[in-house]
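What follows is each chain in one-letter form.
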Amino acid sequence: MDLAFIIIAVLTLASAVAAMSLRNLVHCALCMVMTFAGIALTFLQLNAEFVGLAQLLVYVGAVAILIVFAILLTRSEDAKKEVRFVSSSTVVGFGVVALVAVSLLAAIQHTQILPPQSVVAPHVSVKRIGEQLMTNYVLPLEVIGLLLTAAMIGAVVIAMREPDPADSVDVQQRNGSPLKLDPDSKKTAVVANE
Amino acid sequence: MKPVGLEHYLVVSGLLFCLGLWGVIVRRNLLIIYMSLELMLNAANLALVAFSRFNNKLDGQVMVFFVITVAAAEVAVGLALIVALYRKKQSAHVEDLTTMKS
């Protein structure tokens, strides 16, 4: 077996295990970044340069930064709340995961895998992927574009701070107080506020 | 030694998927659950790319491209939701999010 494959696979799996079991959230995120990088390397090893580099850009670049930001934004004092104990959910979870793992591995082992159609790795250029995207997959491509736009708008709307009622009253009073002397301008101010 | 075949990549992919599932079921922090979901998506991507390579077809890679895009959209919305939730509840633990229970 290829030594590079073994090294990358072991590194990826080990960092995934660490990400799932460490207690410190930042450590989890860093291990997860390593897992994503390992998967990107595996893609590159599989002659999928475009997808591998996209994975590197999207996951190791953008998603990792976003996750670290979210961790730092939502860090609370009760970081030690997740105590290490064996609850019923741990046991059930372990059972479910073991079941899934055994069935997946058994399925892989018992499947008759055809020999690769070409011994030489096919050369997949970005040009060919682009041609595919523009011919066979043009409708999904458009839908994906729409989805990304919707997701961007949605993220902005969700993350926007809701106007606090107390704050807005404050602002109105502050804006309104110098205008109280003049009834006419107060009226226009109220209209403007409405 | 046997050359690396499709089954090796599939085994790695399956193990990664199981690790992600483990994280989703057992961990109690929303962000960890979130990262586990991403890990499961990535494991599926790995299987798709492996199939694409060993069958000499391009469709798998195009599919992975779409999956990565959807995952990026999911990250944007999901993290915004988690941050908004944290502002309301001051917590990112699943035990504290019981508004819809009872």
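Residues numbered from 1 in each chain as written. Chains lettered and ligands numbered in written order. Predicted model: local features only at pLDDT ≥ 70, side-chain atom pairs only at ≥ 80, totals over all residues. Heavy atoms only, no water.

1. Brief notes about a nonpolar patch on the surface
- Taken together, Met152(A), Ile153(A), Val156(A), Val157(A) and Met160(A) make up a surface patch of nonpolar side chains, about 520 Å² in accessible area.
- A residue is classified by how much of its surface remains accessible, and Met152(A), at 56% relative accessible area, is exposed. (Patch = residues over 30% accessible without salt bridge, like charges linked within 9 Å, V, L, I, M, F, W, Y side chains within 5 Å. Areas by Shrake-Rupley, 256 points an atom, 1.4 Å probe, with all protein chains shown as cover. Salt bridge = Lys/Arg side-chain N within 4 Å of Asp/Glu carboxyl O. Buried < 20%, exposed > 50% of the residue type's maximum accessible area, 1.4 Å probe, protein only.)

2. Remarks on the interface of chain B and chain A
- Contact residues are listed per partner, giving 68 residues for chain B and 79 residues for chain A.
- Interface area, chain B with chain A, both sides summed: about 6,800 Å², of which 76% is carbon and sulfur.
- Among the residues chain B hides against chain A, the three largest losses belong to Arg27(B), Met35(B) and Arg53(B). Together they make up 10% of the total.
- Where chain B packs against chain A, one counts zero salt bridges.
- Linking chain B with chain A are six residue pairs in polar contact (both at pLDDT 80 or more).
- Elements supplying a minimum of two residues to the side of chain B that touches chain A: α1 (6-26), α2 (30-55) and α3 (59-89) of chain B.
- For the side of chain B that touches chain A, the element with the highest residue contribution is α3(B), accounting for 24 residues.
- Of the residues in the side of chain B that touches chain A, the class split is 45 nonpolar, 13 polar and ten charged. (Contact = heavy atoms within 4.5 Å. Buried area = accessible area lost by both parts, 1.4 Å probe. Polar contact = N/O pair within 3.5 Å; in protein donor to acceptor, adjacent residues only side chain to side chain. Helix = DSSP H or I, 4+ residues; strand = E, 2+ residues; numbered from the N terminus. Nonpolar A, V, L, I, M, F, W, Y, C, P; charged D, E, K, R; others polar.)

3. Description of the environment of His27(A)
- On the secondary structure map, His27(A) appears in helix α2 (residues 25-45).
- Its relative accessible area of 42% is what places His27(A) among the partly exposed residues.

4. Some details on the domain arrangement of chain A
- Taken domain by domain, chain A holds domain 1 (1-75) and domain 2 (125-163).
- Summarising the inter-unit geometry, the C-alpha centres of domain 1 of chain A and domain 2 of chain A are found 23 Å apart. (Domains from an automatic or database assignment.)

5. Observations concerning the state of the cysteines
- All told, the structure shown has zero disulfides over all chains when counted by the stated rule.
- Of the cysteine sulfurs around Cys18(B), a residue in no disulfide, the closest is that of Cys28(A), at 19 Å. (Disulfide = S-S within 2.5 Å.)

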